[in-house]
Amino acid sequence: MYILTNAQMREADHYTIEELGVHSLLLMERAGTALADEAEKMSPNGKIVCLCGGGNNGGDGFVCARILKSRGREVEVVCSAENFSADCRANMEKWLSLGGEILPELTYGYGLIVDCLYGTGFHGSLSGADAENVSRALRLRENGVKILSADIPSGVNGDNGQVLGVVMTADKTLCIGEIKAGVLLGDGIDHAGKIQRADIGIEVKDGVGLAQFINRAYAREILPKRPRYSHKGKYGRAAIVAGSETYMGAAYLSASACLRAGAGYTTLFVPSALVPAFALKAPEVLLKISNEGTMYAFNASVMSALQEYDCVAYGMGMGVSEDVARGAAWLLLQYQGKLILDADGLNSLACYHHDLPALFRTKKCDVLLTPHAKEFSRLSGLGLEYITLCGLVQPKELAQTLGVNILLKNAVSVISDGARVSVNASGCSGQAKAGSGDVLAGVIAGLCAMGLSAFDAGVLGSYLTGKAAEFASETVGEYSMTASDVIAYLGRAFLYLTEV
(Lines give C-alpha, C1' and ligand atoms only; values in the text may rest on other atoms or scores of the structure.)
Protein backbone atom coordinates (compact mmCIF):
# COMPACT_ATOMS: atom_id res chain seq x y z
CA MET A 1 0.00 0.00 0.00
CA TYR A 2 1.55 3.28 -1.15
CA ILE A 3 1.50 6.77 0.34
CA LEU A 4 1.59 9.34 -2.45
CA THR A 5 2.44 13.00 -2.71
CA ASN A 6 0.37 15.28 -4.94
CA ALA A 7 2.81 14.94 -7.83
CA GLN A 8 2.94 11.15 -7.50
CA MET A 9 -0.85 10.95 -7.50
CA ARG A 10 -1.01 13.06 -10.65
CA GLU A 11 1.49 10.71 -12.28
CA ALA A 12 -0.61 7.69 -11.29
CA ASP A 13 -3.75 9.32 -12.70
CA HIS A 14 -1.95 10.17 -15.95
CA TYR A 15 -0.58 6.65 -16.31
CA THR A 16 -3.96 5.04 -15.68
CA ILE A 17 -5.87 7.36 -18.01
CA GLU A 18 -3.38 8.09 -20.80
CA GLU A 19 -1.35 4.87 -20.96
CA LEU A 20 -3.77 2.22 -19.71
CA GLY A 21 -6.76 3.85 -21.38
CA VAL A 22 -9.12 3.97 -18.39
CA HIS A 23 -11.53 6.86 -18.93
CA SER A 24 -11.39 9.57 -16.27
CA LEU A 25 -15.18 9.61 -16.01
CA LEU A 26 -15.14 5.89 -15.19
CA LEU A 27 -12.63 6.50 -12.39
CA MET A 28 -14.83 9.32 -11.07
CA GLU A 29 -17.87 7.02 -11.18
CA ARG A 30 -16.00 4.42 -9.14
CA ALA A 31 -14.81 7.03 -6.65
CA GLY A 32 -18.30 8.45 -6.19
CA THR A 33 -19.75 4.97 -5.77
CA ALA A 34 -17.14 4.12 -3.12
CA LEU A 35 -18.07 7.32 -1.29
CA ALA A 36 -21.78 6.49 -1.50
CA ASP A 37 -21.16 3.01 -0.09
CA GLU A 38 -19.19 4.43 2.81
CA ALA A 39 -21.73 7.19 3.39
CA GLU A 40 -24.51 4.63 3.80
CA LYS A 41 -22.43 2.68 6.31
CA MET A 42 -21.80 5.82 8.35
CA SER A 43 -25.38 7.05 8.08
CA PRO A 44 -27.86 4.20 7.52
CA ASN A 45 -30.75 6.61 8.01
CA GLY A 46 -31.30 10.34 7.64
CA LYS A 47 -30.40 13.03 5.15
CA ILE A 48 -26.94 13.15 3.57
CA VAL A 49 -25.41 16.26 2.06
CA CYS A 50 -22.49 16.33 -0.39
CA LEU A 51 -20.42 19.49 -0.06
CA CYS A 52 -18.83 19.87 -3.50
CA GLY A 53 -16.16 22.05 -5.05
CA GLY A 54 -15.55 22.65 -8.72
CA GLY A 55 -12.62 20.27 -9.21
CA ASN A 56 -12.51 16.51 -9.61
CA ASN A 57 -13.01 16.06 -5.87
CA GLY A 58 -16.29 17.88 -6.31
CA GLY A 59 -17.09 15.63 -9.27
CA ASP A 60 -16.74 12.61 -6.97
CA GLY A 61 -19.28 14.31 -4.70
CA PHE A 62 -21.80 14.84 -7.50
CA VAL A 63 -21.52 11.14 -8.42
CA CYS A 64 -21.92 10.19 -4.76
CA ALA A 65 -25.10 12.29 -4.50
CA ARG A 66 -26.54 10.78 -7.68
CA ILE A 67 -25.83 7.21 -6.53
CA LEU A 68 -27.40 7.87 -3.14
CA LYS A 69 -30.45 9.44 -4.76
CA SER A 70 -30.84 6.40 -7.03
CA ARG A 71 -30.84 4.20 -3.92
CA GLY A 72 -33.73 6.15 -2.45
CA ARG A 73 -31.76 8.19 0.05
CA GLU A 74 -32.61 11.78 0.90
CA VAL A 75 -29.61 13.74 -0.34
CA GLU A 76 -28.65 17.36 -1.01
CA VAL A 77 -25.75 19.00 -2.79
CA VAL A 78 -24.14 22.21 -1.61
CA CYS A 79 -21.75 23.95 -4.02
CA SER A 80 -20.66 27.57 -4.36
CA ALA A 81 -18.02 27.03 -7.05
CA GLU A 82 -18.06 29.16 -10.19
CA ASN A 83 -15.47 27.26 -12.24
CA PHE A 84 -15.57 23.51 -12.87
CA SER A 85 -13.29 20.86 -14.33
CA ALA A 86 -14.72 19.09 -17.38
CA ASP A 87 -15.45 15.86 -15.49
CA CYS A 88 -16.96 17.69 -12.53
CA ARG A 89 -19.23 19.68 -14.85
CA ALA A 90 -20.35 16.50 -16.63
CA ASN A 91 -21.41 14.90 -13.37
CA MET A 92 -23.00 18.11 -12.09
CA GLU A 93 -25.16 18.16 -15.20
CA LYS A 94 -26.15 14.53 -14.62
CA TRP A 95 -27.20 15.43 -11.10
CA LEU A 96 -29.27 18.35 -12.34
CA SER A 97 -30.85 16.23 -15.10
CA LEU A 98 -32.21 13.88 -12.44
CA GLY A 99 -33.98 16.76 -10.72
CA GLY A 100 -31.26 17.40 -8.19
CA GLU A 101 -30.73 20.89 -6.83
CA ILE A 102 -27.60 22.77 -5.88
CA LEU A 103 -27.79 24.83 -2.69
CA PRO A 104 -25.32 27.60 -1.85
CA GLU A 105 -24.76 26.74 1.82
CA LEU A 106 -25.21 24.07 4.44
CA THR A 107 -28.36 24.20 6.54
CA TYR A 108 -29.57 21.66 9.12
CA GLY A 109 -31.10 18.23 9.51
CA TYR A 110 -28.20 16.13 8.17
CA GLY A 111 -27.02 12.80 9.46
CA LEU A 112 -23.81 12.96 7.42
CA ILE A 113 -21.78 15.52 5.48
CA VAL A 114 -19.67 14.16 2.61
CA ASP A 115 -16.77 16.58 2.22
CA CYS A 116 -15.81 16.84 -1.47
CA LEU A 117 -14.87 20.49 -1.44
CA TYR A 118 -11.12 20.32 -2.11
CA GLY A 119 -8.73 17.47 -2.85
CA THR A 120 -5.02 16.87 -2.48
CA GLY A 121 -3.94 19.75 -4.71
CA PHE A 122 -5.17 22.35 -2.22
CA HIS A 123 -2.67 24.68 -0.58
CA GLY A 124 -3.06 27.91 1.33
CA SER A 125 -6.19 28.67 3.32
CA LEU A 126 -9.92 28.43 2.73
CA SER A 127 -11.80 31.68 2.17
CA GLY A 128 -15.19 33.08 1.29
CA ALA A 129 -18.17 30.75 0.96
CA ASP A 130 -15.93 27.68 1.24
CA ALA A 131 -14.64 28.77 4.62
CA GLU A 132 -18.16 29.59 5.75
CA ASN A 133 -19.47 26.16 4.76
CA VAL A 134 -16.59 24.37 6.45
CA SER A 135 -17.21 26.41 9.61
CA ARG A 136 -20.89 25.42 9.50
CA ALA A 137 -19.91 21.79 9.00
CA LEU A 138 -17.68 21.91 12.07
CA ARG A 139 -20.48 23.41 14.17
CA LEU A 140 -22.82 20.67 12.97
CA ARG A 141 -20.20 18.07 13.87
CA GLU A 142 -20.14 19.41 17.41
CA ASN A 143 -23.85 18.51 17.55
CA GLY A 144 -23.35 14.94 16.38
CA VAL A 145 -23.35 15.17 12.58
CA LYS A 146 -20.71 12.85 11.08
CA ILE A 147 -18.29 13.98 8.37
CA LEU A 148 -16.80 11.78 5.63
CA SER A 149 -13.98 13.43 3.65
CA ALA A 150 -13.17 12.34 0.12
CA ASP A 151 -9.43 11.74 -0.30
CA ILE A 152 -8.34 14.40 2.24
CA PRO A 153 -10.16 16.84 4.56
CA SER A 154 -10.74 20.14 2.77
CA GLY A 155 -8.10 22.70 3.70
CA VAL A 156 -5.30 20.19 4.39
CA ASN A 157 -2.16 20.35 2.24
CA GLY A 158 -1.85 17.01 0.43
CA ASP A 159 1.95 16.88 0.60
CA ASN A 160 2.66 17.67 4.23
CA GLY A 161 -0.57 17.97 6.21
CA GLN A 162 -0.15 21.72 6.77
CA VAL A 163 -3.32 23.58 7.74
CA LEU A 164 -3.89 27.34 7.70
CA GLY A 165 -7.06 28.85 9.09
CA VAL A 166 -10.35 26.97 9.08
CA VAL A 167 -10.08 23.35 7.95
CA MET A 168 -12.44 20.36 7.85
CA THR A 169 -12.21 17.78 10.61
CA ALA A 170 -13.55 14.42 9.48
CA ASP A 171 -14.69 11.34 11.35
CA LYS A 172 -13.38 9.28 8.45
CA THR A 173 -11.33 10.01 5.34
CA LEU A 174 -11.73 7.71 2.34
CA CYS A 175 -8.51 7.98 0.33
CA ILE A 176 -9.23 7.37 -3.34
CA GLY A 177 -6.68 5.12 -5.04
CA GLU A 178 -3.82 5.38 -2.55
CA ILE A 179 -3.29 6.98 0.84
CA LYS A 180 -2.27 10.61 0.55
CA ALA A 181 0.73 11.94 2.47
CA GLY A 182 -1.23 14.87 3.84
CA VAL A 183 -3.66 12.73 5.83
CA LEU A 184 -0.75 11.27 7.82
CA LEU A 185 1.78 14.08 8.13
CA GLY A 186 1.68 17.25 10.22
CA ASP A 187 -1.74 18.32 11.47
CA GLY A 188 -3.43 16.28 8.74
CA ILE A 189 -3.65 13.16 10.89
CA ASP A 190 -5.68 15.03 13.52
CA HIS A 191 -8.18 16.19 10.90
CA ALA A 192 -8.53 12.95 8.94
CA GLY A 193 -10.21 10.74 11.55
CA LYS A 194 -10.17 7.07 10.63
CA ILE A 195 -8.25 6.59 7.40
CA GLN A 196 -9.48 4.10 4.82
CA ARG A 197 -8.51 3.36 1.23
CA ALA A 198 -10.79 2.78 -1.77
CA ASP A 199 -9.23 0.92 -4.70
CA ILE A 200 -10.84 2.29 -7.87
CA GLY A 201 -8.31 0.92 -10.35
CA ILE A 202 -5.73 3.70 -10.40
CA GLU A 203 -2.40 2.06 -11.17
CA VAL A 204 1.09 3.16 -10.15
CA LYS A 205 3.48 2.73 -13.07
CA ASP A 206 6.63 2.19 -11.04
CA GLY A 207 6.57 1.82 -7.28
CA VAL A 208 10.35 2.12 -6.84
CA GLY A 209 11.07 4.84 -4.30
CA LEU A 210 7.44 5.42 -3.37
CA ALA A 211 6.59 5.50 0.31
CA GLN A 212 5.00 2.32 1.64
CA PHE A 213 2.47 2.28 4.45
CA ILE A 214 3.46 -0.06 7.28
CA ASN A 215 0.42 -2.18 8.06
CA ARG A 216 0.00 -5.53 9.76
CA ALA A 217 0.72 -7.53 6.60
CA TYR A 218 3.91 -5.59 5.84
CA ALA A 219 5.17 -5.93 9.43
CA ARG A 220 4.33 -9.62 9.56
CA GLU A 221 6.45 -10.30 6.48
CA ILE A 222 9.50 -8.81 8.21
CA LEU A 223 9.05 -10.47 11.62
CA PRO A 224 11.78 -13.11 12.13
CA LYS A 225 10.54 -16.65 12.72
CA ARG A 226 11.45 -18.41 15.97
CA PRO A 227 11.77 -22.17 15.35
CA ARG A 228 11.01 -24.46 18.29
CA TYR A 229 14.42 -26.14 17.96
CA SER A 230 16.62 -23.17 18.88
CA HIS A 231 18.65 -21.63 21.70
CA LYS A 232 19.47 -18.12 22.97
CA GLY A 233 22.57 -17.89 20.82
CA LYS A 234 20.42 -18.14 17.72
CA TYR A 235 18.70 -14.85 18.55
CA GLY A 236 21.79 -12.72 18.80
CA ARG A 237 23.66 -10.49 21.21
CA ALA A 238 22.65 -6.86 21.69
CA ALA A 239 24.68 -4.21 23.54
CA ILE A 240 23.00 -1.14 24.99
CA VAL A 241 25.46 1.67 25.71
CA ALA A 242 23.46 4.26 27.58
CA GLY A 243 22.76 6.23 30.72
CA SER A 244 24.24 8.81 33.04
CA GLU A 245 23.61 9.93 36.59
CA THR A 246 20.87 12.27 35.37
CA TYR A 247 19.27 9.87 32.89
CA MET A 248 19.56 6.42 34.45
CA GLY A 249 16.05 5.52 33.33
CA ALA A 250 16.97 5.76 29.65
CA ALA A 251 19.41 2.88 30.00
CA TYR A 252 16.93 0.72 31.90
CA LEU A 253 14.10 1.34 29.43
CA SER A 254 16.26 0.56 26.39
CA ALA A 255 17.65 -2.65 27.87
CA SER A 256 14.22 -3.84 29.03
CA ALA A 257 12.70 -3.13 25.62
CA CYS A 258 15.54 -5.00 23.92
CA LEU A 259 14.79 -8.07 26.02
CA ARG A 260 11.10 -7.87 25.16
CA ALA A 261 11.93 -7.56 21.46
CA GLY A 262 13.50 -11.01 21.36
CA ALA A 263 17.29 -10.67 21.63
CA GLY A 264 18.99 -13.80 22.95
CA TYR A 265 21.44 -11.79 25.08
CA THR A 266 21.11 -8.18 26.16
CA THR A 267 24.10 -6.46 27.80
CA LEU A 268 23.86 -3.01 29.31
CA PHE A 269 27.05 -0.90 29.40
CA VAL A 270 26.84 1.93 31.96
CA PRO A 271 29.24 4.09 34.01
CA SER A 272 30.40 2.36 37.20
CA ALA A 273 28.47 4.61 39.59
CA LEU A 274 25.20 3.51 37.98
CA VAL A 275 25.72 -0.23 38.36
CA PRO A 276 24.15 -0.53 41.85
CA ALA A 277 20.96 1.09 40.56
CA PHE A 278 20.56 -1.68 37.98
CA ALA A 279 21.57 -4.68 40.08
CA LEU A 280 18.66 -7.17 39.93
CA LYS A 281 16.40 -4.44 38.53
CA ALA A 282 16.27 -6.40 35.29
CA PRO A 283 17.84 -9.77 36.19
CA GLU A 284 17.87 -11.00 32.58
CA VAL A 285 20.15 -8.11 31.51
CA LEU A 286 23.92 -8.56 31.72
CA LEU A 287 25.67 -5.57 33.28
CA LYS A 288 29.08 -4.25 32.24
CA ILE A 289 30.98 -1.09 33.13
CA SER A 290 31.63 1.31 30.28
CA ASN A 291 33.93 3.55 32.37
CA GLU A 292 34.46 4.84 35.89
CA GLY A 293 32.31 7.64 37.26
CA THR A 294 28.79 8.92 36.67
CA MET A 295 29.04 10.07 33.04
CA TYR A 296 30.24 8.31 29.92
CA ALA A 297 33.96 8.60 29.21
CA PHE A 298 35.52 7.13 26.07
CA ASN A 299 37.48 3.92 26.65
CA ALA A 300 38.92 2.24 23.55
CA SER A 301 39.33 -1.18 25.15
CA VAL A 302 35.69 -1.28 26.27
CA MET A 303 34.58 -0.12 22.85
CA SER A 304 36.60 -2.89 21.24
CA ALA A 305 34.61 -5.41 23.27
CA LEU A 306 31.48 -4.28 21.43
CA GLN A 307 32.75 -6.06 18.31
CA GLU A 308 31.47 -9.28 19.90
CA TYR A 309 27.86 -8.07 19.61
CA ASP A 310 25.52 -8.37 16.65
CA CYS A 311 23.99 -5.00 17.40
CA VAL A 312 24.84 -1.89 19.43
CA ALA A 313 22.36 0.79 20.47
CA TYR A 314 24.24 3.90 21.56
CA GLY A 315 23.39 7.31 22.96
CA MET A 316 20.25 7.03 25.11
CA GLY A 317 20.48 9.30 28.16
CA MET A 318 24.28 9.70 27.97
CA GLY A 319 24.37 13.50 27.93
CA VAL A 320 26.01 15.64 25.25
CA SER A 321 29.79 15.58 25.44
CA GLU A 322 32.93 15.25 23.36
CA ASP A 323 33.49 11.79 24.84
CA VAL A 324 30.07 10.63 23.67
CA ALA A 325 30.88 12.00 20.21
CA ARG A 326 34.24 10.13 20.26
CA GLY A 327 32.44 6.90 21.11
CA ALA A 328 29.95 7.34 18.29
CA ALA A 329 32.73 8.13 15.83
CA TRP A 330 34.73 5.09 16.97
CA LEU A 331 31.71 2.84 16.37
CA LEU A 332 31.21 4.29 12.89
CA LEU A 333 34.85 3.77 11.99
CA GLN A 334 35.50 0.41 13.66
CA TYR A 335 32.32 -1.51 14.51
CA GLN A 336 31.12 -3.99 11.88
CA GLY A 337 27.67 -5.01 13.11
CA LYS A 338 24.39 -3.10 13.17
CA LEU A 339 24.48 0.26 14.94
CA ILE A 340 21.56 2.33 16.25
CA LEU A 341 22.57 5.89 17.08
CA ASP A 342 19.98 7.66 19.19
CA ALA A 343 19.45 10.76 21.31
CA ASP A 344 22.72 12.06 22.80
CA GLY A 345 24.76 9.96 20.40
CA LEU A 346 23.26 12.08 17.62
CA ASN A 347 23.35 15.34 19.54
CA SER A 348 27.01 14.87 20.45
CA LEU A 349 27.98 14.11 16.86
CA ALA A 350 26.09 17.18 15.64
CA CYS A 351 27.87 19.31 18.25
CA TYR A 352 31.44 18.05 17.92
CA HIS A 353 31.76 16.80 14.30
CA HIS A 354 31.36 19.42 11.63
CA ASP A 355 31.69 17.19 8.57
CA LEU A 356 29.21 14.41 9.22
CA PRO A 357 29.02 13.22 5.58
CA ALA A 358 32.78 12.58 5.59
CA LEU A 359 32.55 10.73 8.90
CA PHE A 360 29.65 8.55 7.79
CA ARG A 361 31.30 7.75 4.44
CA THR A 362 34.00 5.85 6.33
CA LYS A 363 31.61 3.70 8.36
CA LYS A 364 31.91 -0.09 8.42
CA CYS A 365 28.52 -0.88 9.98
CA ASP A 366 24.84 -0.95 9.03
CA VAL A 367 23.67 2.29 10.67
CA LEU A 368 20.23 3.50 11.72
CA LEU A 369 19.85 7.04 13.04
CA THR A 370 16.71 7.65 15.10
CA PRO A 371 16.27 11.44 15.46
CA HIS A 372 13.17 13.34 16.43
CA ALA A 373 12.55 16.55 14.50
CA LYS A 374 14.90 18.77 16.54
CA GLU A 375 17.69 16.19 16.40
CA PHE A 376 17.10 15.86 12.66
CA SER A 377 17.44 19.63 12.38
CA ARG A 378 20.78 19.54 14.20
CA LEU A 379 22.09 16.76 11.97
CA SER A 380 20.92 18.28 8.70
CA GLY A 381 21.27 21.98 9.44
CA LEU A 382 17.70 22.53 8.21
CA GLY A 383 15.02 24.50 10.04
CA LEU A 384 12.17 22.71 11.78
CA GLU A 385 9.49 24.42 9.70
CA TYR A 386 11.24 23.51 6.46
CA ILE A 387 11.57 19.87 7.54
CA THR A 388 7.85 19.76 8.29
CA LEU A 389 6.87 21.36 4.99
CA CYS A 390 9.04 18.91 3.04
CA GLY A 391 6.94 15.99 4.23
CA LEU A 392 8.42 12.68 3.09
CA VAL A 393 11.38 14.22 1.27
CA GLN A 394 13.97 15.12 3.89
CA PRO A 395 14.49 11.72 5.61
CA LYS A 396 15.24 10.17 2.22
CA GLU A 397 17.60 12.98 1.22
CA LEU A 398 19.56 12.91 4.49
CA ALA A 399 19.80 9.12 4.29
CA GLN A 400 21.29 9.51 0.80
CA THR A 401 23.69 12.24 1.91
CA LEU A 402 25.03 10.29 4.90
CA GLY A 403 24.72 6.80 3.42
CA VAL A 404 22.69 5.55 6.39
CA ASN A 405 19.18 4.56 7.38
CA ILE A 406 17.05 7.30 8.96
CA LEU A 407 14.04 6.91 11.24
CA LEU A 408 12.52 10.36 11.72
CA LYS A 409 10.38 10.02 14.84
CA ASN A 410 7.09 11.89 15.00
CA ALA A 411 3.39 11.23 15.47
CA VAL A 412 3.83 9.43 12.16
CA SER A 413 7.40 8.22 11.62
CA VAL A 414 9.28 8.06 8.31
CA ILE A 415 11.98 5.43 7.71
CA SER A 416 14.31 5.60 4.72
CA ASP A 417 17.56 4.06 3.49
CA GLY A 418 17.95 6.69 0.79
CA ALA A 419 16.06 4.61 -1.77
CA ARG A 420 13.14 3.04 0.07
CA VAL A 421 10.69 4.98 2.23
CA SER A 422 8.27 3.46 4.74
CA VAL A 423 5.78 5.28 6.94
CA ASN A 424 4.48 4.14 10.31
CA ALA A 425 1.23 5.52 11.69
CA SER A 426 0.72 3.09 14.58
CA GLY A 427 0.85 4.63 18.03
CA CYS A 428 -0.91 7.33 20.04
CA SER A 429 -0.35 10.59 21.90
CA GLY A 430 0.57 8.69 25.06
CA GLN A 431 4.01 8.21 23.50
CA ALA A 432 4.63 11.96 23.68
CA LYS A 433 6.50 11.47 26.96
CA ALA A 434 10.06 11.04 28.11
CA GLY A 435 11.42 7.54 27.59
CA SER A 436 9.47 6.64 24.46
CA GLY A 437 12.52 7.03 22.22
CA ASP A 438 14.60 4.90 24.58
CA VAL A 439 12.03 2.11 24.29
CA LEU A 440 12.03 2.34 20.50
CA ALA A 441 15.84 2.16 20.34
CA GLY A 442 15.81 -0.94 22.53
CA VAL A 443 13.15 -2.67 20.46
CA ILE A 444 15.07 -1.99 17.25
CA ALA A 445 18.26 -3.31 18.85
CA GLY A 446 16.52 -6.54 19.81
CA LEU A 447 15.22 -7.01 16.28
CA CYS A 448 18.65 -6.29 14.80
CA ALA A 449 20.21 -8.86 17.16
CA MET A 450 17.81 -11.47 15.76
CA GLY A 451 19.13 -10.84 12.27
CA LEU A 452 17.10 -8.03 10.72
CA SER A 453 18.84 -5.28 8.78
CA ALA A 454 18.86 -1.85 10.36
CA PHE A 455 16.23 -0.65 7.88
CA ASP A 456 13.85 -3.58 8.45
CA ALA A 457 14.34 -3.37 12.21
CA GLY A 458 13.45 0.32 12.06
CA VAL A 459 10.30 -0.45 10.09
CA LEU A 460 9.18 -3.32 12.33
CA GLY A 461 10.34 -1.70 15.56
CA SER A 462 8.41 1.51 14.95
CA TYR A 463 5.26 -0.46 14.11
CA LEU A 464 5.49 -2.81 17.11
CA THR A 465 6.22 0.02 19.54
CA GLY A 466 3.26 1.96 18.20
CA LYS A 467 0.93 -1.03 18.47
CA ALA A 468 2.13 -1.69 22.03
CA ALA A 469 1.28 1.92 22.87
CA GLU A 470 -2.19 1.53 21.35
CA PHE A 471 -2.82 -1.58 23.43
CA ALA A 472 -1.49 0.10 26.58
CA SER A 473 -3.78 3.10 26.01
CA GLU A 474 -6.81 0.79 26.00
CA THR A 475 -6.04 -0.03 29.64
CA VAL A 476 -4.41 3.07 31.13
CA GLY A 477 -5.41 5.76 28.63
CA GLU A 478 -3.21 8.12 26.68
CA TYR A 479 -2.92 10.68 29.48
CA SER A 480 -1.53 8.27 32.07
CA MET A 481 0.48 5.98 29.81
CA THR A 482 4.24 5.77 30.42
CA ALA A 483 7.14 4.33 28.46
CA SER A 484 7.19 1.41 30.91
CA ASP A 485 3.58 0.65 29.96
CA VAL A 486 4.64 0.39 26.32
CA ILE A 487 7.28 -2.20 27.26
CA ALA A 488 4.68 -4.14 29.23
CA TYR A 489 2.46 -4.39 26.14
CA LEU A 490 5.14 -5.32 23.62
CA GLY A 491 4.18 -8.96 24.05
CA ARG A 492 0.64 -8.23 22.98
CA ALA A 493 1.95 -6.35 19.95
CA PHE A 494 3.99 -9.39 18.90
CA LEU A 495 0.95 -11.62 19.42
CA TYR A 496 -1.08 -9.28 17.22
CA LEU A 497 1.36 -9.96 14.39
CA THR A 498 1.61 -13.70 14.89
CA GLU A 499 -2.05 -14.54 15.51
CA VAL A 500 -3.84 -16.10 12.55
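Use the structure listed above.
Now for a look at the structure at hand. Numbering of residues starts from 1 in each chain and follows the order in which that chain's sequence is written. With the structure being a predicted model, the display of local features is reserved for residues of pLDDT at least 70 and the display and counting of side-chain atom pairs for 80 or more, all residues being used for whole-chain, interface and lining totals. Hydrogens and waters are ignored; side-chain quantities use all the structure's heavy atoms.

**Quick notes on helix H1 (residues 6–19)**
Segments assigned H or I by DSSP are reported as helices when at least four residues long, segments assigned E as strands when at least two residues long, and all are numbered from the N terminus. To estimate how far a helix should extend, the number of its residues minus one is multiplied by 1.5 Å. Given a rise of 1.5 Å per residue, 14 residues ought to cover 20 Å, and the 19 Å separating the end C-alpha atoms of H1 matches this to within 8%. Partly exposed residues are those whose accessible area sits between 20% and 50% of the maximum for their type, while under 20% is buried and over 50% is exposed, using a 1.4 Å probe and protein chains only. Among the residues making up H1, those that are buried are Asn-6, Met-9, Ala-12, Tyr-15 and Thr-16. Every residue pair with non-hydrogen atoms within 4.5 Å of one another is taken to be in contact. The inward-facing, buried residues of H1 abut strand S1 (2–4), helix H2 (24–42), strand S7 (172–176) and strand S8 (179–180). Where H1 ends, the next residue or the one after it, Gly-21, has phi of about 80°, a positive value.

**Things to note about the pattern of salt bridges**
Salt bridges are defined by distance alone: a side-chain nitrogen of Lys or Arg within 4 Å of a carboxyl oxygen of Asp or Glu. In this structure the tally under the stated criterion is 17 salt bridges. Across the pair Glu-29 and Arg-66 runs a salt bridge, and its minimum N-O distance is 2.8 Å. With Glu-29 in helix H2 and Arg-66 in helix H3 (residues 56–70), the pair connects residues that are 37 residues apart, well separated along the chain. The salt bridge partner of Asp-151 is Lys-180, with a shortest N-O separation of 2.6 Å. Taken together, the residues Asp-151 in the loop between strand S6 (146–150) and S7 and Lys-180 in strand S8 connect sequence positions 29 residues apart. Taking the relative accessible area as the measure of exposure, Asp-151 reaches 10% and is therefore buried. Exposure remark for Lys-180: the relative accessible area of 1% places this residue in the buried category.

**So, the sheet that holds strand S10 (residues 211–213)**
Pairing between two strands requires that DSSP report at least two bridges joining them. Taken together, twelve strands build an open sheet; the order of strands is S8-S1-S10-S19-S18-S17-S16-S15-S14-S11-S12-S13 and the sheet is mixed. Pairing within the sheet leaves two strands with one partner each, and these edge strands are S8 and strand S13 (286–291). Across three bridges, strand S17 (residues 405–408) lies against strand S18 (residues 413–416) in antiparallel orientation. Within the sheet, the bridge partner assigned to Leu-408 lies in S18 and is Val-414. H1 contacts S1 and S8 of the sheet and is inclined by roughly 110° relative to S1. Its contacts with the sheet place helix H11 (residues 322–334) against strand S14 (311–314), strand S15 (338–341) and strand S16 (366–369), and it is angled at close to 155° to S14. Geometry is summarised by axes, namely lines fitted to C-alpha atoms with helices restricted to the contacting stretch, and by angles between N-to-C directions that run from 0 to 180 degrees.

**Digging into the sheet that holds strand S5 (residues 110–116)**
Neighbouring strands of a sheet are bound in pairs by backbone hydrogen bonds; such pairs are parallel or else antiparallel. Reading across the sheet, the seven strands line up as S4-S3-S2-S5-S6-S7-S9 and stay open at both edges, with parallel pairing between neighbours. Here the strands that pair on one side only, and so sit at the sheet edges, are strand S4 (102–103) and strand S9 (194–198). Alignment of S7 against S9, held across five bridges, turns out to be parallel. What sits directly across from Leu-174, in S9, is Gln-196. Against the sheet, H2 touches strand S2 (47–52), S5, S6, S7 and S9, its axis set at about 165° to S6. Sheet strands in contact with H3 are S2, strand S3 (75–79), S4, S5 and S6, and its direction is about 160° off that of S2.

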